[in-house]
Amino acid sequence: MTWTFTSDVETFAEAAEPWLLRDPVRNTVVLTVLRAVRMGLWSEGVLLGRLERDGRTVAVALQTPPHFLLLADIPTETVPELVTCLIEDERVIPGVSGSLALAEAFAARWWRPEAGRRSERLYRLSSPVLPEPAAEGALRVAEIGDLDLLVRWGEEFQVEAEGGVAADLTPLLSSRITRRELGLWEVDGRPVAFAGASCPLGGMSRIGPVYTPPPLRKKGYGTALSHAMSVRARAEGADEVLLFTDLSNPTSNSIYQAIGYRPVDDYATVTFG
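Every value quoted in this text rests on a predicted model; they were computed, and no experiment measured them. (Residues numbered from 1 in each chain as written. Predicted model: local features only at pLDDT ≥ 70, side-chain atom pairs only at ≥ 80, totals over all residues. Heavy atoms only, no water.)

Remarks on the overall build of the protein chain
Phase 1: Helix and strand counts for the protein chain stand at 8 helices and 12 strands.
Phase 2: At 19 Å, the protein chain has a C-alpha radius of gyration in line with the 19 Å of a compact globule built from 273 residues.
Phase 3: Within the protein chain, buried positions represent 48% of all 273 residues.
Phase 4: Once local pairs closer than 6 in sequence are excluded, the contacts in the protein chain between residues at least 24 apart make up 72%.
Phase 5: Surface exposure of the protein chain reaches about 12,600 Å², of which carbon and sulfur atoms provide 51%. (Helix = DSSP H or I, 4+ residues; strand = E, 2+ residues; numbered from the N terminus. Rg over C-alpha atoms; globule rule 2.2 N^0.38 Å. Buried < 20%, exposed > 50% of the residue type's maximum accessible area, 1.4 Å probe, protein only. Contact = heavy atoms within 4.5 Å. Areas by Shrake-Rupley, 256 points an atom, 1.4 Å probe, with all protein chains shown as cover.)

The following block contains the structure:
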């Protein structure tokens, strides 16, 4: 039993996706990134890792450089072998992201020291959806004419949330506009916030990012937009609506709980020095 890595996206997806769909909640990020890879949004240097036992997939990890390695909801005991295989293959891993226990297990064995960490919490929407919060304005689904604004806001979000912009967001956001995954909150015809909601996959949709420019904050726009996108995701077939919050921001955590989100598990993104 050993990890194998491939660049053959469809062969990998055929073997890995059914395993990931056993728990689309805890595998939400890997599932949505794998879908993007299959659509051609990432191709250069993509790392697709799978562990097989008795002909069956039992663990999955993937990386779309320059982004971090993503760990699915894999058994903790599979992490040491994963680290060993990546080191032997001389893979460049700038960081790792996954559930807190898995990210820490990986970081403890990786050959480079931990240089930073972002702590997050995964939430799922309770049922039924709570009443809409009061805020001026209304939801509008983003169109291709909104692309320049969304790229600018997306870059601002990345700088604020992650400390930098890893890549040009134009292809990703253009694709999400085409799939009608992005929404704008408008007041008197003027966009004041934006949010995404992934198309349902295995009955799961994830809200994010959610961004309001600093001068427009504390008016309830982000909360109202998050609620509206959550309701829309449910209406479009999502049984599970999810989102991640930054644990260093108690305000956002309380806001999402106020509109009906409940904690699932803690996650971490660890940067290596």
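What to know about the pattern of salt bridges
Phase 1: Going through the model one piece at a time under the given rule, you end up with 19 salt bridges.
Phase 2: The partner of E104 in a salt bridge is R117, with the nearest N and O atoms 2.8 Å apart. Placement of the pair is E104 in helix α4 (residues 100-109) and R117 in strand β6 (residues 114-125), with a sequence separation of 13 residues.
Phase 3: Given the relative accessible area of 36%, E104 is considered partly exposed.
Phase 4: Under the relative-accessibility criterion, R117 is labelled partly exposed at 37%.
Phase 5: Residue E156 pairs with R152 through a salt bridge whose shortest N-O separation is 3.9 Å. Of this pair, E156 and R152 both sit in helix α5 (residues 147-162), 4 residues apart, roughly one helical turn.
Phase 6: Judged by relative accessible area, which is 44%, R152 ranks as partly exposed.
Phase 7: Look at the salt bridges and you will find they share partners, linking R35, R176, R179 and E181 into a network. (Salt bridge = Lys/Arg side-chain N within 4 Å of Asp/Glu carboxyl O.)

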